[in-house]
Amino acid sequence: MLGRFGAAYTRGLQNGSAASGYYDPQRYQVIVTLKHWDAYSLENLNVPGSPEITRYNFDAIVSNYSLASTYWPAFRRAVVQGGAKGVMCR
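From a predicted model like this one, the values you see are computed outputs, not experimental measurements.

Here we take up the side chain of Q14. Tracing the sequence through the fold places Q14 in helix α1 (residues 2-15). For Q14, a relative accessible area of 1% corresponds to the buried category. In this structure the side chain of Q14 is engaged in a polar contact, spanning 2.9 Å, whose partner is the backbone oxygen of G83. Beyond its immediate sequence surroundings of up to four residues, Q14 is in contact with R27, Y28, Q29, V30, I31, V32, G82, G83, A84 and K85.

Moving on to α1. For α1, built from 14 residues, the straight-helix expectation of 20 Å at 1.5 Å per residue is met to within 8% by its first-to-last C-alpha distance of 20 Å. Looking at α1, one finds that the buried residues are G3, G6, A7, T10, Q14 and N15. Take α1 and look down its axis: the buried residues cluster within an arc of 125 degrees, on one side only. Pointing more than 90 degrees away from the buried face of α1 are the exposed residues L2, F5 and Y9. Turning to α1, the residues buried within the fold contact β1 (33-34) and α2 (64-80).

Moving on: α2. Helix geometry: α2 is bent most strongly at W72, by close to 40 degrees, with proline P73 lying one to four residues after it. Those residues of α2 that fall on the buried side of the exposure criterion are L67, A74 and A78. Against the buried residues of α2 lie α1 and β1.

Before going further, it helps to examine the packing of aromatic side chains. Scanning the model with the defined rule gives one aromatic pair in all. On the numbers, 5.5 Å between centres and 25 degrees between planes, the contact of F5 with Y9 is stacked. Note that F5 and Y9 are positioned in helix α1 at a spacing of four residues, about one turn of the helix. Across the pair, Y9 and F5 agree in class, each one exposed.

Definitions and limits used
- Residues numbered from 1 in each chain as written.
- Predicted model: local features only at pLDDT ≥ 70, side-chain atom pairs only at ≥ 80, totals over all residues.
- Heavy atoms only, no water.
- Helix = DSSP H or I, 4+ residues; strand = E, 2+ residues; numbered from the N terminus.
- Buried < 20%, exposed > 50% of the residue type's maximum accessible area, 1.4 Å probe, protein only.
- Polar contact = N/O pair within 3.5 Å; in protein donor to acceptor, adjacent residues only side chain to side chain.
- Contact = heavy atoms within 4.5 Å.
- Expected span 1.5 Å × (residues − 1).
- Arc of directions from axis to C-beta.
- Bend = angle between axes of the 7 residues up to and from the residue.
- Phe/Tyr/Trp six-rings, centres within 6.5 Å; stacked < 30°, edge-to-face > 60°.

Dropping the structure here:
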């Protein structure tokens, strides 16, 4: 489901919508760059009574299984089916 959303969102941003006046199949409206493809998107996590956790001091520990079964397929679909023109590498 997340992959389908990513592909549709990517296509909509880059080419616009056929239902709107901004649709152009030959020219991009924007270039989509997918970010944090390897399961990292934390900005701030404030838990009462504990130190503040931010993206600068948090280490996301994600299993290889979760990467392969959840994160990477969605990004692959956004690139292959959605046509994203960029991926942030790190």
